[in-house]
Amino acid sequence: MAAFAEIVRFYQSPVLSTIYRLVGGHFPEDVEDLGQDLFMKIYRSLDRFDGERGVKFSTWLFTSVKNLCYDHLRKKRLPLESIDACRDDDRAPRRQLPDDAPEPGTEVLFRELGDRIGHSVARLPVEQRTAFVLREYQSFSYDEIARMTDSSVGTVKSRVFRAKENLRSMLTDYLQAR
Amino acid sequence: MNEIIDCGTVRGEIYLFIERELPEDRLRGIAAHIGDCERCREYESRVSDFESVLDRWDAPAPSAGFVEAVIERVAQHERNRRGTFRLQALVWGVRGMLHSTLRIPLPMGIAAAAILVLSVSLNFVLIRPARPTPSGVDGGNPPVVMVPGPSHVTSTGDATAAGGVLGEPRFPLFQPDIYRIANTVINRKNPVGQSTDVEKK
């Protein structure tokens, strides 16, 4: 039990931040509950993890994170939408940078920018979002992401590329205003 | 081998170029092209700006009691698992005993146990006699067996002058025996002709 507590303590931050980035844009209130569910699932299936087969624990753990998030989105009947569908979706409020925003470099502007990025990422198709988040914020290699998502390395590279291009397009007005 | 890198290649591989995720000769080729091409240089600059902006998206820190909440759930899971295991062990034990020793299938064994429990319960509910009251009125004093003392025994067998009291029998099934024993004791203590039966009220 103490050993498992150490695992939870060590991984709580990357796991929760990944869940937040994958589903938090739609269901921020569910993030910690999902985190608890995830660690319970890991505890129950620890005996199935075989480190000698060349799979890293973190790869195994984040595969579960990805699966849990996908299940949650399906359970909530959230369409794993395409970027085109997102663009036509006006239900989600779009944040605008305040006109009286402080000069760039201040904390407020960064927080506003962070919210803006989060909102844009939430509008990405879920497979692009997953590949992008795992690569950009958890620094997994393309090969590891390919294993986690059961795809080829080329597919993962393509998803990350398209995710970034879509995000860059969504954040154009901010990037031009800098 | 020197590859020809055009603007399309740079745009398609710009993120991998920034991440240094390309083979060395490819990296050199793209870097050379960017050095020569003004448009690609601007493009690379915009993409680098965008990459630096992505770091601004912070996730909230876990709440203070997150680890404790997970461990509590794990402990609860363990308690449930142990309880289930004990029950399972009991079932398997009973099943093994019934099957290997008595050659009785488990459902039959359960049915027999249920009948046994039911019959014992029914004994208390149905076989127990109604409580008699001295006045014959329900709700009177609890029934007692009056055992008259030798000096107060009358020829009429007046039990109201009792010297000793046997309390209410705890096991109604054996109540007749208690009456019989009480009478035997009394008759033994009193000479013939002065004996009396204990009245069953």
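Residues numbered from 1 in each chain as written. Chains lettered and ligands numbered in written order. Predicted model: local features only at pLDDT ≥ 70, side-chain atom pairs only at ≥ 80, totals over all residues. Heavy atoms only, no water.

### A word on the interface of chain B and chain A
Working step 1: Facing the 33 residues of chain B at the interface are 41 residues of chain A.
Working step 2: Together chain B and chain A conceal approximately 3500 Å² of surface at their shared face, both sides included; 67% is due to carbon and sulfur atoms.
Working step 3: Counting the contacts that link chain B with chain A gives five salt bridges.
Working step 4: Residue Lys164(A) pairs with Glu19(B) through a salt bridge whose shortest N-O separation is 3.1 Å. (Contact = heavy atoms within 4.5 Å. Buried area = accessible area lost by both parts, 1.4 Å probe. Salt bridge = Lys/Arg side-chain N within 4 Å of Asp/Glu carboxyl O.)

### Topic: helix H3 (residues 57–75) of chain A
Residues and elements named next belong to chain A.
Working step 1: For H3, built from 19 residues, the straight-helix expectation of 27 Å at 1.5 Å per residue is met to within 8% by its first-to-last C-alpha distance of 27 Å.
Working step 2: With 15 of 19 residues buried, H3 lies mostly within the body of the structure.
Working step 3: One or two positions beyond H3, positive phi appears at Arg-77, with a value near 55°. (Helix = DSSP H or I, 4+ residues; strand = E, 2+ residues; numbered from the N terminus. Expected span 1.5 Å × (residues − 1). Buried < 20%, exposed > 50% of the residue type's maximum accessible area, 1.4 Å probe, protein only.)

### Details of the packing of helix H6 (residues 126–136) of chain A against helix H7 (residues 142–149) of chain A
Residues and elements named next belong to chain A.
Working step 1: The contact between H6 and H7 brings their axes to 10 Å, and the two run at 140°. Comparing their axes, H7 and H6 come out oblique. The two elements H6 and H7 meet at a crossing, and its hand is right-handed. Residues Thr-130, Ala-131, Leu-134 and Arg-135 of H6 pack against Tyr-142, Ile-145, Met-148 and Thr-149 of H7. (Axes fitted to C-alpha atoms, helices over the stretch in contact; angles between N-to-C directions. Parallel < 35°, antiparallel > 145°, perpendicular 65-115°, else oblique. Left-handed = near helix turned anticlockwise from the far one by under 90°.)

### Remarks on the pattern of salt bridges
Working step 1: Per the counting criterion, the structure on display carries 18 salt bridges over all chains.
Working step 2: Across the salt bridge formed by Glu13(B) and Arg26(B), the nearest N and O atoms sit 2.9 Å from each other. You can see Glu13(B) sitting in helix H1 (residues 7–18) and its partner Arg26(B) sitting in helix H2 (residues 24–36), a full 13 residues away along the chain.
Working step 3: Relative accessible area serves as the criterion here: at 17%, Glu13(B) is assigned to the buried category.
Working step 4: Note that Arg81(B) and Glu78(B) form a salt bridge whose closest N and O atoms lie 3.2 Å from each other. Linking Arg81(B) with Glu78(B), this pair stays in helix H4 (residues 66–101), spanning three residues, or about one helical turn.
Working step 5: A single network of salt bridges, built from pairs that share partners, joins Arg135(A), Glu136(A), Lys164(A), Glu19(B), Glu21(B) and Glu51(B).

### Some thoughts on the packing of aromatic side chains
Working step 1: This model, assessed by the stated rule, comprises twelve aromatic pairs over all chains.
Working step 2: Judged by centre distance (6.0 Å) and plane angle (65°), the rings of Phe39(A) and Phe66(B) are edge-to-face. One end of the pair, Phe39(A), is in helix H2 (residues 31–44); the other, Phe66(B), is in helix H4, on a second chain. For the pair formed by Phe39(A) and Phe66(B), the shared burial category is buried.
Working step 3: Here the aromatic rings of Phe62(A) and Phe140(A) are separated by 5.1 Å at their centres, their planes lie at 65°, and the arrangement is edge-to-face. Of the two residues, Phe62(A) sits in helix H3 while Phe140(A) sits in the loop between H6 and H7, which places them 78 residues apart along the sequence. Each member of the pair, Phe62(A) as well as Phe140(A), carries the same accessibility label: buried. (Phe/Tyr/Trp six-rings, centres within 6.5 Å; stacked < 30°, edge-to-face > 60°.)

### Comments concerning the packing of H2(B) against helix H3 (residues 38–54) of chain B
Residue and element names in this part refer to chain B.
Working step 1: Across the interface, H2 lies against H3 with an axial gap of 5 Å and an inter-helix angle of 110°. In terms of orientation, H2 lies roughly perpendicular with respect to H3. Touching His-33, Ile-34, Gly-35 and Asp-36 of H2 are Glu-38, Cys-40, Arg-41 and Glu-44, all from H3.
Working step 2: The class makeup of the residues in the contact of H2 with H3 is two nonpolar, two polar and four charged. (Nonpolar A, V, L, I, M, F, W, Y, C, P; charged D, E, K, R; others polar.)

### Observations regarding the confidence of the model for chain A
Segments scoring low in pLDDT should not have their predicted coordinates read at a detailed level.
Working step 1: For chain A, per-residue confidence averages 84 on the pLDDT scale, and residues scoring 70 or more make up 83% of the total.
Working step 2: Confidence over residues 82–101 of chain A falls short of pLDDT 50; this stretch has 25 contacts with residues more than four positions distant or in other chains. (pLDDT = per-residue confidence, 0-100.)

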